[in-house]
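# Inside the fold
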Amino acid sequence: MSVERIFDNTEVAFALKSDSELERAYFLFKMISIEPLVRIGTAATNFAIKAHLPVKGLIRATVFDHFCGGVNEEDCLPVINKMYEKGVSSVLDFSVEGKESEKEFDNACNVVLKIMEFSKELKAIPIAVFKPTGFGRFYLYEKLGKGEAFTDKEQEEWNKVVARFDAVCKKAKDYNIAVLIDAEESWMQDAADDLVTEMMKKYNTEKPVVYNTLQMYRHDRMEFLKKEYAKAKAEGYFLGYKIVRGAYMEKENERAEENGYPTPICASKAATDDNFNDCLNYILDHIEDISLFAGTHNEESSYLLMNLMKQKGLENNDSRVWFGQLYGMSDHISFNLSSLGYNVAKYIPFGPVRDVMPYLIRRAEENTSVAGQTGRELTLLTKEKKRRKKL
Ligand SMILES: Cc1cc2nc3c(=O)[nH]c(=O)nc-3n(C[C@H](O)[C@H](O)[C@H](O)COP(=O)(O)OP(=O)(O)OC[C@H]3O[C@@H](n4cnc5c(N)ncnc54)[C@H](O)[C@@H]3O)c2cc1C
């Protein structure tokens, strides 16, 4: 018997939203559903920020407050506590991107370590996260991935990257917190994967603490997972994976075309969906050895995972399976799942407005009418507005 289809329940989905917050969300999704507006808005905002025009207030009151928890970790606490009342945990995501200096890498690492101190005290934050390029230069990952030798200076720099990974993963084990390591562009990912595997080998000896990310829009990821599994079995450590579809599709396709190599991306959306769902099946079949964090807003994949858990006889709150969504998106999935006792966490991005712009632009682009997600958000928000009017 399959699980009940629960995601249409808007009363549960939006219980934390006041009427005015509901209106703001509706207005925002309506705006970003208009693709040309997002294109022009993105260009204008980038220009305004670079030109130091006073647009921060406007950004904060609209996209920023909808998709981000605040400018620093303390700022996010009210959101964290509110969501936890409904059983939804938080993953605090320091979303500053595109930095390239040692000082900024040290700062990003210190922010994550500080969040883990928070997590030690707060049950609402059981998971930490970071991006490989938040801890070291993109160029270094790329060079290492190509098998090219580092100069002495680069080697010294890379040693610091490894030390940052190690400091966070060690603390995760000491404090019994999971740490998710995001995946990025395929041409830097090989070096990141090797490093994360090293960390798993070192710290996942008793249970999965360190989680790598598999982007299932890449057609080579099932094969990669099977190889990693064989290695982990042979050497006696556990695996943890966040699985996602992948956020850099256009960039990947464009680069492949420009450089004349076959794209690493699946041939169609349906092929990505099949790949993602095959991966869910594979991990659930090996749940004794591999823990899962399913980062998705896709309802069918979420129902599939619920069904697989049921078929395998897992409790809804089995500690080895987590569902994850981004703050500001798909509350209908997060809160309906948590109401049935599933483990759910939302990524809460935070950081100075100017620095989280690349993240916000990705979210706006992902939510245009072209990408398709907005229609569903708008339908559900409209349904909830109507339901409240009838009360
Ligand atoms: C908690 C969480 C953590 C995340 N962490 C990461 C991360 O570390 N790295 C990362 O890259 N992304 C990450 N993402 C973003 C994620 O990869 C997706 O971009 C996003 O979630 C949309 O996919 P979906 O499964 O929610 O839903 P859907 O809307 O069903 O899928 C959209 C996705 O399908 C794929 N797709 C669309 N069209 C095609 C096509 N024509 N051919 C092939 N594939 C296609 C693309 O990946 C697209 O993003 C994360 C998302 C969440 C919720």
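You'll find the structure just up there.
## So, the overall build of the protein
When its secondary structure is counted, the protein shows 17 helices and eight strands. In the protein, which comprises 391 residues, the share counted as buried stands at 55%. Accessible surface, the protein as shown: approximately 17800 Å² in total, 53% of it carbon and sulfur. Distance from the positive charge centre (54 side chains) to the negative charge centre (61 side chains) of the protein: 4 Å.

## Comments concerning the packing of helix H8 (residues 138-145) against helix H10 (residues 186-203)
In contact at an axis separation of 7 Å, H8 and H10 are set at 80 degrees when each is read in the N-to-C sense. The orientation of H8 with respect to H10, classified from their angle, is roughly perpendicular. Touching Phe138, Tyr141, Glu142, Leu144 and Gly145 of H8 are Trp187, Met188, Asp190, Ala191 and Ala192, all from H10. Grouping the constituent residues of the contact of H8 with H10 by class yields seven nonpolar, one polar and two charged.

## Section: the sheet that holds strand S5 (residues 239-244)
Sheet architecture is open: eight strands sit in the order S1-S8-S7-S6-S5-S4-S3-S2, paired in parallel fashion. Each end of this open sheet is capped by a strand with a single partner; those strands are strand S1 (88-94) and strand S2 (127-130). Here the strands of the sheet are splayed against their neighbours by 30 degrees on average, with no regard to which way each runs. Across two bridges, the pairing between strand S3 (residues 178-181) and strand S4 (residues 210-215) is parallel. Among the inter-strand pairings, Val179 is bridged to a residue of S4, identified as Val210. Strands S1, S2 and strand S8 (344-350) of the sheet are contacted by helix H6 (residues 102-121), whose axis makes an angle of about 160 degrees with S1.

## What to know about the nonpolar core
Ranked by internal contacts, the top residues of the largest apolar core, which has 81 residues, are Phe165, Val210 and Tyr241. Once you skip the residues sitting within four places of it in the chain, Tyr241 turns out to touch Met200, Tyr211, Asn212, Leu214, Phe224, Leu225, Glu228, Ile283, Ile290, Ser291, Leu292 and Phe293. Of all hydrophobic cores here, the second largest spans 35 residues; its members include Cys68, Leu326, Ala345 and Leu378.

## Focus: the site of the ligand
The immediate surroundings of the ligand are formed by 27 residues, with Lys242, Arg245, Gly246, Thr296 and His297 found nearest. One nitrogen or oxygen atom from the side chain of Lys242 is found 2.7 Å from an oxygen atom belonging to the ligand. Contact distances for the ligand include 2.8 Å between an oxygen atom and a side-chain N or O atom of Lys269. Take the shell around the ligand: its biggest share by element is three residues, from strand S7 (residues 321-326). Looking at the shell around the ligand residue by residue, the class counts come to eleven nonpolar, eleven polar and five charged.

## Concerning the side chain of Asp289
Looking at the element boundaries, Asp289 is found in the loop between helix H13 (269-285) and strand S6 (290-295). On the basis of relative accessibility, which here comes to 19%, the residue Asp289 falls in the buried class. At 3.0 Å, the side chain of Asp289 forms a polar contact with the side chain of Tyr229.

## Notes on the packing of H10 against helix H11 (residues 221-235)
When two helices pack together, their arrangement is given by the angle between their axes and by how far apart the axes lie. Two numbers describe how H10 lies on H11: the axes approach to 12 Å, and their chain directions differ by 30 degrees. Between H10 and H11, the angle falls in the class roughly parallel. When you trace H10 past H11, the crossing you get is right-handed. Across from Asp193, Thr197 and Lys201 in H10, the residues of H11 making contact are Arg221, Phe224, Glu228, Lys231 and Glu235. Looking at the contact of H10 with H11 residue by residue, the classes come out as one nonpolar, one polar and six charged.

## Some words on helix H4 (residues 56-67)
For H4, the set of buried residues is Ile59, Val63, Phe64, His66 and Phe67. All buried residues of H4 lie within an arc of 165 degrees about the axis, which places them on one face of the element.

Conventions adopted
- Residues numbered from 1 in each chain as written.
- Predicted model: local features only at pLDDT ≥ 70, side-chain atom pairs only at ≥ 80, totals over all residues.
- Heavy atoms only, no water.
- Helix = DSSP H or I, 4+ residues; strand = E, 2+ residues; numbered from the N terminus.
- Buried < 20%, exposed > 50% of the residue type's maximum accessible area, 1.4 Å probe, protein only.
- Areas by Shrake-Rupley, 256 points an atom, 1.4 Å probe, with all protein chains shown as cover.
- Lys, Arg positive; Asp, Glu negative; His and termini not counted.
- Charge placed at Lys NZ, Arg CZ, Asp CG, Glu CD.
- Axes fitted to C-alpha atoms, helices over the stretch in contact; angles between N-to-C directions.
- Parallel < 35°, antiparallel > 145°, perpendicular 65-115°, else oblique.
- Contact = heavy atoms within 4.5 Å.
- Nonpolar A, V, L, I, M, F, W, Y, C, P; charged D, E, K, R; others polar.
- Pairing = 2+ DSSP bridges.
- Core = buried A, V, L, I, M, F, W, Y, C linked by side-chain atoms within 4.5 Å.
- Near = heavy atom within 4 Å.
- Polar contact = N/O pair within 3.5 Å; in protein donor to acceptor, adjacent residues only side chain to side chain.
- Left-handed = near helix turned anticlockwise from the far one by under 90°.
- Arc of directions from axis to C-beta.

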